[in-house]
Amino acid sequence: MISAPTIAQGSRAAQDTPAVLDMEASGFGRASYPIEVGYALPDGQTFCTLIQPAPGWTHWDESAEAVHRIPRAAVLQRGRDVKDVAQHLNEHLGGRTVYCDGWANDYSWLAALFDAAGTRPAFRLEHLRTLLNEREASHWHATKDQVASELRLQRHRASSDARVLQITLQRVRAASSL
């Protein structure tokens, strides 16, 4: 879990803060598949797990590994079964709209995960950009860089990325309301 202040459940900030999801993958393109999923809930709690490749998921891009720094061997050894991951996501995210910053990729990888698990997501995935006005969007990248720097994250992981996105959203919204 990331050491950042959590938001009290029931507070206005928690109500205005969405669940955020992030995924890491074996690469990009049609043959890529999810290798890790993480999320941050409105109260600041995070979850992250590696995903065991489903049968037929064989593509591995060394350049993607250079970004996420998750070796294929770790995914093969410690990844959870796709059915278990899909069930966990549905249990904890069901009924929500969950946001991500790389919707086109994350949507494809999430669809691959649920297809391999033989089920459907019980939640809706949307792009974070839909939550931002133009002023907030103009400050997004600088604020995100600042949040990531403040958190001093040691590893590029899906749950850490989701939490950075969530805190960034809170900050750009707060700055916009001043």
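The shown structure was predicted, so the numbers you read here are calculated from the model rather than taken from an experiment.

Attention now moves to the layout of surface pockets. Roughly 370 Å³ of internal volume is contained in the largest pocket. Every residue lining the largest pocket is counted, 20 residues in all, and those nearest its centre are Asp22, Met23, Glu24, His156 and Asp161. Secondary-structure elements contributing two or more residues to the lining of the largest pocket are β1 (19–25), α2 (62–68), α5 (103–117), α6 (134–151) and α7 (158–176). Residue classes in the lining of the largest pocket are distributed as 9 nonpolar, 5 polar and 6 charged.

On to the nonpolar core, then. Core analysis: the biggest nonpolar cluster contains 32 residues, and Leu89, Leu93, Leu110 and Leu113 have the highest contact counts within it. Of all the secondary structure elements, the ones that give two or more residues to this core are β1, β2 (34–40), β3 (46–50), α3 (72–78), α4 (82–93), β4 (97–100) and α5. When neighbours within four sequence positions are excluded, Leu110 is seen to be in contact with Met23, Leu89, Phe123 and Leu125. Counting 11 residues, the second largest nonpolar core, distinct from the first, contains Val20, Ala40, Leu128 and Ala162.

Before going further, it helps to spend a moment on the confidence of the model for the protein chain. In this model, the protein chain carries an average pLDDT of 90, and 91% of its residues clear a pLDDT of 70 or more. This model gives residues 1–15 a pLDDT under 50, and the stretch forms 28 contacts once residues within four places in sequence are excluded.

This part takes up the packing of α6 against α7. Relative placement of two packed helices is described by the angle separating their axes and the distance separating the axes. The contact between α6 and α7 brings their axes to 8 Å, and the two run at 130 degrees. By the angle between their axes, α6 is oblique relative to α7. Here α6 runs over α7; the crossing is right-handed. Facing Arg135, Glu136, His139, Trp140, Thr143, Lys144, Gln146, Val147, Ala148, Glu150 and Leu151 of α6, the residues of α7 in contact are Val164, Leu165, Ile167, Thr168, Leu169, Arg171, Val172, Arg173, Ala175 and Ser176.

Reading guide: rules and limits
Residues numbered from 1 in each chain as written. Predicted model: local features only at pLDDT ≥ 70, side-chain atom pairs only at ≥ 80, totals over all residues. Heavy atoms only, no water. 1 Å grid on protein atoms, 1.4 Å probe; cavity = no way out; pocket = protein on both sides within 12 Å on 5 of 7 lines; lining within 4 Å. Points joined across faces, edges and corners; volume = space filled by probe spheres on them. Helix = DSSP H or I, 4+ residues; strand = E, 2+ residues; numbered from the N terminus. Nonpolar A, V, L, I, M, F, W, Y, C, P; charged D, E, K, R; others polar. Core = buried A, V, L, I, M, F, W, Y, C linked by side-chain atoms within 4.5 Å. Buried < 20%, exposed > 50% of the residue type's maximum accessible area, 1.4 Å probe, protein only. Contact = heavy atoms within 4.5 Å. pLDDT = per-residue confidence, 0-100. Axes fitted to C-alpha atoms, helices over the stretch in contact; angles between N-to-C directions. Parallel < 35°, antiparallel > 145°, perpendicular 65-115°, else oblique. Left-handed = near helix turned anticlockwise from the far one by under 90°.

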